[in-house]
Amino acid sequence: MSTVFLALQTNEETRPIIEAILQDNPSAVVDEQPAMVKINADGRLVVRRQTIEEITGRDYDLQELQVNMITMSGNLDQTDDEITLFWKA
Amino acid sequence: MDMTVAKKKLGLKERYAVMTRGLDWTPSYQKMEDIYPYIAYEGIKIHDWDKWEDPFRLTMDAYWKYQAEKERKLYSVLDAYTQNNGHLNVTDARYLNTVKLFLSGISPLEYVAHRGFAHAGRQFPGPGPRVACLMQSLDEIRHAQTQVHAVSNYNKYYNGMHDFHHAHDRVWFLSVPKSFFDDAITAGPFEFMVSIGFSFEYVLTNLLFVPFVSGAAYNGDMAAMTFGFSAQSDEARHMTLGLEVIKFILEQDPDNVPIVQRWIDKWTWRGYRVLTLVAMMMDYMLPKRTMSWKESWEIYFEENGGALFKDLARYGIKMPKCAEQIALEKDHLSHQAWSTFYNYAAAANFHTWMPDEDEMEWLSSKYPNSFDKHYRPRYEFWREQAAKGNRFYNKTLPMLCQTCQIPMIFTEPGDATKTCYREVDYKNEKYHFCSDYCKEIFEHEPEKYVQAWLPVHQIYQGNCFPEGTDPTVEGFDPLAKVLEYYHLEHGRDNLDFDISEDKKNFAEWRGQATKNV
Ligand SMILES: [Fe+2]
Ligand SMILES: [Fe+2]
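Since the model is a prediction, treat every value here as computed from it, not as a measurement.

Rules of the game
- Residues numbered from 1 in each chain as written.
- Chains lettered and ligands numbered in written order.
- Predicted model: local features only at pLDDT ≥ 70, side-chain atom pairs only at ≥ 80, totals over all residues.
- Heavy atoms only, no water.
- Helix = DSSP H or I, 4+ residues; strand = E, 2+ residues; numbered from the N terminus.
- Rg over C-alpha atoms; globule rule 2.2 N^0.38 Å.
- Buried < 20%, exposed > 50% of the residue type's maximum accessible area, 1.4 Å probe, protein only.
- Contact = heavy atoms within 4.5 Å.
- Areas by Shrake-Rupley, 256 points an atom, 1.4 Å probe, with all protein chains shown as cover.
- Lys, Arg positive; Asp, Glu negative; His and termini not counted.
- Charge placed at Lys NZ, Arg CZ, Asp CG, Glu CD.
- Pairing = 2+ DSSP bridges.
- Donors = N, O, S within 2.8 Å, 3.2 Å for Na, K, Ca; no water.
- Tetrahedral: all angles 85-135°; square planar, octahedral: opposite > 155°, others 65-115°.
- Axes fitted to C-alpha atoms, helices over the stretch in contact; angles between N-to-C directions.
- Core = buried A, V, L, I, M, F, W, Y, C linked by side-chain atoms within 4.5 Å.
- Buried area = accessible area lost by both parts, 1.4 Å probe.
- Salt bridge = Lys/Arg side-chain N within 4 Å of Asp/Glu carboxyl O.
- Polar contact = N/O pair within 3.5 Å; in protein donor to acceptor, adjacent residues only side chain to side chain.
- Nonpolar A, V, L, I, M, F, W, Y, C, P; charged D, E, K, R; others polar.
- Parallel < 35°, antiparallel > 145°, perpendicular 65-115°, else oblique.
- Left-handed = near helix turned anticlockwise from the far one by under 90°.

**Student:** Before we move on, can you summarise the overall build of chain B with the specific residues and values?
**Tutor:** A count of helices and strands for chain B gives 22 helices and four strands. Here the C-alpha atoms of chain B give a radius of gyration of 25 Å, agreeing with the 24 Å that 2.2 N^0.38 yields for 517 residues. Counting across all 517 residues of chain B, residues that qualify as buried make up 59%. Contacts in chain B between residues at least 24 apart in sequence constitute 79% of all its contacts with a sequence separation of at least 6. Carbon and sulfur atoms make up 53% of the accessible area of chain B, which amounts to about 21900 Å² in all. Seen as two clouds, the 57 positive and the 71 negative side-chain charges of chain B have centres 3 Å apart.

**Student:** For the pairing of strand β2 (residues 29-33) of chain A, give the residues involved together with the corresponding values.
**Tutor:** Residues and elements named next belong to chain A. Bridging between β2 and strand β3 (residues 36-42) involves five bridges; their strand directions are antiparallel. Within β3, the residue paired with Val30 across the bridge is Ile39. Joining the antiparallel neighbours β2 and β3 is a turn of two residues, in which Ala35 adopts a positive phi near 60 degrees.

**Student:** For the coordination of the iron ion (ligand 2), give the residues involved together with the corresponding values.
**Tutor:** Residues and elements named next belong to chain B. Within the protein, the atoms that donate to the iron ion (ligand 2) are Cys401 (SG), Cys404 (SG), Cys434 (SG) and Cys438 (SG), at distances of 2.3 to 2.4 Å. Bound by four donor atoms, the iron ion (ligand 2) shows angles of 105 to 115 degrees at the metal and therefore tetrahedral coordination geometry. Here the donor residues for the iron ion (ligand 2) map to a single chain with the spacing C-x2-C-x29-C-x3-C. Cys401 sits in the buried class, given a relative accessible area of 0%. Note on Cys404: relative accessible area 1%, which makes it buried.

**Student:** Describe the coordination of the iron ion (ligand 1), with residues and values.
**Tutor:** Residue and element names in this part refer to chain B. Of the protein atoms, only Glu110 (OE), Glu140 (OE) and His143 (ND1) coordinate the iron ion (ligand 1), at distances of 2.1 to 2.2 Å. Each donor residue of the iron ion (ligand 1) lies on the same chain, and together they follow the pattern E-x29-E-x2-H. Of this pair, Glu110 sits in helix α5 (residues 107-123) while His143 is found in helix α6 (residues 127-155), placing the two residues 33 residues apart along the sequence. Residue Glu110 is classed as buried on the basis of its relative accessible area of 5%. Since its relative accessible area comes to 1%, His143 is described here as buried.

**Student:** For unusual backbone geometry, give the residues involved together with the corresponding values.
**Tutor:** All names here are of chain B. The backbone of His487 shows a phi angle near 65 degrees, a positive value even though the residue is not glycine. Tracing the chain through its elements places His487 in the loop between α21 (478-486) and α22 (501-514). A relative accessible area of 39% places His487 in the partly exposed class. Despite not being glycine, Leu495 shows a phi value in the positive range, around 70 degrees. Positionally, Leu495 belongs in the loop between α21 and α22.

**Student:** Describe in detail the sheet that holds strand β7 (residues 82-86) of chain A, supporting the description with residues and values.
**Tutor:** All names here are of chain A. Taken in spatial order, the three strands of this open sheet run β4-β7-β6, and their pairing is antiparallel. Since the sheet does not close on itself, it has two edges, and those belong to β4 (44-48) and β6 (75-78), each with one partner. Neighbour to neighbour, the strand axes of the sheet diverge by 10 degrees on average, direction disregarded. In the sheet, β6 pairs with β7 via four bridges, with the strands oriented antiparallel. The residue bridging Asp77 from the neighbouring strand is Thr84, located in β7.

**Student:** Lay out the nonpolar core with the relevant residues and their values.
**Tutor:** Soluble globular proteins tend to bury their nonpolar side chains together. Among the nonpolar cores identified, the biggest contains 180 residues, and Val47 of chain A together with Tyr154, Phe173, Phe198 and Trp293 of chain B are the most heavily contacted of them. If you tally residues by element for this core, the top one is helix α9 (residues 189-218) of chain B, at 17 residues. Counting residues in each nonpolar core, the second largest holds eight residues, with Leu58, Ala62, Tyr66 and Met135 of chain B among its members.

**Student:** Any chance you could break down the pairing of β3 of chain A for me, citing the residues and the numbers?
**Tutor:** Residues and elements named next belong to chain A. Among the seven residues that make up β3, six are buried, leaving the element largely enclosed by the rest of the structure. Here strand β1 (residues 3-9) pairs with β3 via seven bridges, running antiparallel. Bridge pairing in β3 links Leu6 to Ile39.

**Student:** I'd like a description of the interface of chain B and chain A, backed by residues and values.
**Tutor:** Listed by partner, the interface residues are 37 residues for chain B and 31 residues for chain A. Taken together, the two surfaces of chain B and chain A that pack against each other cover about 3100 Å², and 55% of this comes from carbon and sulfur. Area buried by chain B at its contact with chain A is led by Phe56, Tyr66 and Phe229 of chain B, which between them contribute 20% of it. Here chain B is connected to chain A by two salt bridges. Between Lys73 of chain B and Glu13 of chain A there is a salt bridge; the shortest N-O distance is 3.4 Å. Here chain B is connected to chain A by 16 residue pairs in polar contact (both at pLDDT 80 or more). When contributions to the side of chain B that touches chain A are tallied by element, the ones reaching two or more residues are α1 (12-19), α3 (60-83), α9, α10 (222-252) and α13 (293-312) of chain B. At eleven residues, the largest contribution of residues to the side of chain B that touches chain A is made by α10 of chain B. Partitioned by chemical class, the residues of the side of chain B that touches chain A number 18 nonpolar, seven polar and twelve charged.

**Student:** Which residues make up the packing of α9 of chain B against helix α12 (residues 276-285) of chain B, and what are the values?
**Tutor:** Residues and elements named next belong to chain B. Interhelical geometry of α9 versus α12 gives an angle of 30 degrees and a closest axis separation of 10 Å. Looking at the two axes, α9 sits roughly parallel to α12. Of the two possible hands of crossing, α9 and α12 adopt the one that is left-handed. Contacts from Leu207, Leu208, Pro211 and Phe212 in α9 reach Val278, Met281 and Met282 in α12. For the contact of α9 with α12, the per-class residue count stands at seven nonpolar, no polar and no charged.

Function-wise, these values are silent; they only describe arrangement.
Have a look at this one:
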């Protein structure tokens, strides 16, 4: 399966999000670059609202991620509860 | 008594449907082909525009909210940076030439992208892509503005940036990025989406912005890093738009597949040729390197683009053939480009220099198959000559490729000792090309590319001198007049970094910042 990735700015807002992603995606690997965190995963990567809310203890709207995203790879699908990145082949 | 009924908030999917398709209507007294005149001539067949959906499902109200937040963040960082004389924290003054290259080469393209997406959005009958194009059009004008604002602080202290937009429309090498985007916005709306939305934003953007932004971060340039990240935060959406548009077109009709394949082939090559400037920036212009051009090509194109084209194979789309040639060029591209700019330092709006010994070592280690054999000896010779007071400035204008407008500096794929040269006769004129791919692009649309405004031809035709210049007077110096036309000052904005005002001023100011005077 090809790698999908999501790159986020390194800051206080993204710290719990990265933690949530690592918790929800066993194949996710963190690659720290200057001022940027790139998370690679095998074929599929999910960002779950509920996990982020559990970690931060506040309501979270997944659209807030718009502010801190740098780049990504893969097909995307976003709902109220999840952002999914995936390859079909 | 009024009863307040607690209304259930709409979910993301419903909100998206209401705020995009829900706002559209079917015209009753105007014909569709009159409202959308450009939609048919490219041969793309669309049967159901409603099949297109933005996977982020972003609506305009949410868009404004998040964009405003991005702007607030960006400008507070820029203020802090300026207030603290942040420009003195960059690694060394050579770094500033990256900023000059970016401002004159890339920022004006952001503005053209803004116009391009406004135009494409207007032409699409489907509300989904129309709203997404509107957002991207607004993003792009924001990028142009924030970049100009961020760099304006550098312009107070350093040379070569004072009239970047004037330069963009005139300076010889800037015709490379300029003509690339002009080519895209003069295509039809579908080709524009494939060229910029897909090929540039999805396939190549990581090679452009990630190196610039992480290069800025590595070299202490917080201003560029911040505008870079702010622009990048829109990029995930742009990439998604590019990919969705392609999938949508391909799913609509099998007849669309060969048309789209041809566009992908063309625009991957066109975009790659523009990235020549980025390749040399990464390998030569950043005092502190992030990764080599070759490494970044391998990660972001070969690995990542490989995954993408594997995914698109189900539509019958293949990896562009030019990828094979690009792989052969990756050991040479940045070195051939930097050699050219070293040569033409008298005619550019930034400074060039020879790499020092440590940098030569880095280049050898990153390019074991090519650097010591082909490029180190050349540099050592130039360095020796410069030490003897013979710093070489080439004053003979080079022949340009009719398609990409880059001088004919590239070597044959697989033979770094032979210049690659192609030509075509068309309507009794001869046209020259840097490669088989640029030649093929011309042959498919000759009537478009014969119109290219080639800076070298224009100089020789006398079109690049200030008004009223008389080139027949005794002792006429064409270069001096061309620089005047570019609004560049000889001896200040151009020539070698070693003798530049930038170098001298930076050392003096940094000294003042760290010592009591
Ligand atoms: Fe942009
Ligand atoms: Fe070319």
